[in-house]
Amino acid sequence: PAAVPAAEPAHMSARIFAALLALDLVLLLLTWCIRALAGQSETLTQALEFWRCTDSRHYLDIARDGYIAAGDPDRVVQLVFLPGYPLVVRAVMLLVPSDICAGLLTSALCFAGAGCVVYRLLRLDLPHRDAVRALRFLVLAPGCFFFAAPMSESLFLLLTAAALYLARTRRPILGGLCGAGAAFTRSLGLLLFVPLLWELVHDAVQRRRADARQVVGALLVPLGFAAYCYINWRVAGNPFQFLIYQREHWNQRTGLFFSTAAYQTDYFLRSLTTGGWRDALGLWLPNLIACFAALGLLAAAAPKLRASQTAWFLAYYIVAVGATWLLSAPRYLLVLLPVPLALAQCTRKRTANLVLTALSTLASFGYLIAFILRWQVW
């Protein structure tokens, strides 16, 4: 909408920041309680160490020791994990020596900060109530516990939201720097070039001239990924060594969504027929639901979304979901902002809002339990 009615309540950013910090703490305590109910009686230190799992251990290893070029093969291939998040954790470790505590603190602060920036970004197009509803769907999404984990999701969300917000509010250089930071944190951050370029073209058509600052801002984004390639060259002698490790160690290549849907469905049905119901319910079914639900939401809400948001979704979705060995679709799509925005657009009616909020809450709680019980949730 051209005009956004009604200003937000006073101190809204502080309220969002405090609420998300509290949610982060609740997720940590809830995980501890559920593990206790499942028979895993733990001290506080042991409960925190639980979060050194899946990709978290790789990020914490890098934060503590950096990349290595030779030695333990499992450590050598950690070069595929980009350095943005480990560097921030390493900085926090100057104050908090424990790597796991520093990682959890970093994620908590980035998550809370991201919520504030996401709200500001949403308010550029939505009234206060709709922006809050979109933010609620973001934190109720299945996999929201990944924002609390010592992984890069919370930092990546903060940087992508900041890049888009600054670009939209006529601060394209700062936006480009945040985009470069996102590309230095996750390889998918490189795709922020797409919405920033779209906004550049949109503004150039509106004003009938290009803004040099927007051009510079968009071109800054690939520099973050270029810095990561430079690190590959310094560590392994090849700026694209990460592609080799992804292919050889994780069987990861680029592919098409249709192929991903086919093999995900095949593995889901095979798991059910062979008794591997934990893999079916913890891995393959959530992946399939995330992929198809996100696509369906975009199709339903696309006419109401800004063109740059739709372009951002399509570019990100095609690359992320097209992976040839996709295990983390809910986590990858968790940080894709057009998804909660589409949910907010589809739930303007009270009944739809209540139904989808309830479904999101139940799915989020179920997915958290699957993660705690180690049902192949990645």
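Here the structure is a predicted model, which is why all the values come from computation and not from measurement.

*Asks:* Looking at this model, I keep getting lost on helix H12 (residues 241-249). Mind explaining?
*Replies:* An α-helical turn contains 3.6 residues, so any two residues separated by three or four positions project in the same direction. Inspection of H12 places Gln 241, Phe 242 and Tyr 245 among the buried residues, and these make up the whole buried set. On an axial view of H12, the arc spanned by its buried residues comes to 100°, and they lie on one face. Just beyond H12, the residue with positive phi is Asn 251, at close to 55°.

*Asks:* Is there a simple way to think about unusual backbone geometry in this case?
*Replies:* The phi angle at Thr 54 is positive, at roughly 45°, despite the residue not being glycine. With respect to the element layout, Thr 54 can be found in the loop between helix H2 (44-49) and helix H3 (56-65). Although it is not a glycine, Gln 376 adopts a positive phi angle of roughly 55°. Under the relative-accessibility criterion, Gln 376 is labelled partly exposed at 34%.

*Asks:* Would you take a moment to explain the environment of Pro 222 for this structure?
*Replies:* Of note, Pro 222 is situated in helix H11 (residues 212-236). For the pair Pro 222 and Ala 134, spaced 88 residues apart in the sequence, the C-alpha separation amounts to 29 Å. Here Pro 222 is in contact with Leu 190 and Phe 193, once residues within four sequence places are set aside.

*Asks:* Can you walk me through the pattern of salt bridges in this structure?
*Replies:* Should their charged atoms come close, side chains of opposite charge can pair. Applying the stated criterion to the full structure yields 19 salt bridges. Among the ionic pairs, Arg 52 bridges to Asp 99, the shortest N-O distance being 2.8 Å. Of the two residues, Arg 52 is situated in the loop between H2 and H3 and Asp 99 in helix H6 (residues 99-123); the sequence distance between them amounts to 47 residues. We classify Asp 99 as buried; its relative accessible area is 10%. For Arg 331, the salt bridge is made with Asp 55, and the minimal N-O distance between the two is 2.7 Å.

*Asks:* Please clarify how the packing of aromatic side chains should be interpreted in this entry.
*Replies:* What describes a pair of aromatic rings is the distance from one ring centre to the other and the angle between the planes of the rings. Taken as a whole and judged by the stated rule, the model has 27 aromatic pairs. Here the aromatic rings of Phe 257 and Tyr 317 are separated by 5.7 Å at their centres, their planes lie at 45°, and the arrangement is tilted. Of this pair, Phe 257 sits in helix H13 (residues 257-273) while Tyr 317 sits in helix H15 (residues 307-321), and the two are 60 residues apart along the sequence. Tyr 317 carries the same exposure label as Phe 257, and that label is buried. Note on Trp 277 and Trp 375: the rings are 5.1 Å apart at their centroids and 85° apart in plane angle, and the pair reads as edge-to-face.

*Asks:* What should I look at first to understand the environment of Leu 368 in this one?
*Replies:* Along the chain, the position of Leu 368 falls in helix H18 (residues 350-372). Accessibility expressed as a relative area gives 4% for Leu 368, which makes it buried. For the pair Leu 368 and Phe 145, spaced 223 residues apart in sequence, the C-alpha separation works out to 6.9 Å. Leaving out residues up to four positions away in the same chain, Leu 368 has contacts with Leu 27, Leu 30, Thr 31, Ile 34 and Phe 145.

Conventions we followed
- Residues numbered from 1 in each chain as written.
- Predicted model: local features only at pLDDT ≥ 70, side-chain atom pairs only at ≥ 80, totals over all residues.
- Heavy atoms only, no water.
- Buried < 20%, exposed > 50% of the residue type's maximum accessible area, 1.4 Å probe, protein only.
- Helix = DSSP H or I, 4+ residues; strand = E, 2+ residues; numbered from the N terminus.
- Arc of directions from axis to C-beta.
- Contact = heavy atoms within 4.5 Å.
- Salt bridge = Lys/Arg side-chain N within 4 Å of Asp/Glu carboxyl O.
- Phe/Tyr/Trp six-rings, centres within 6.5 Å; stacked < 30°, edge-to-face > 60°.

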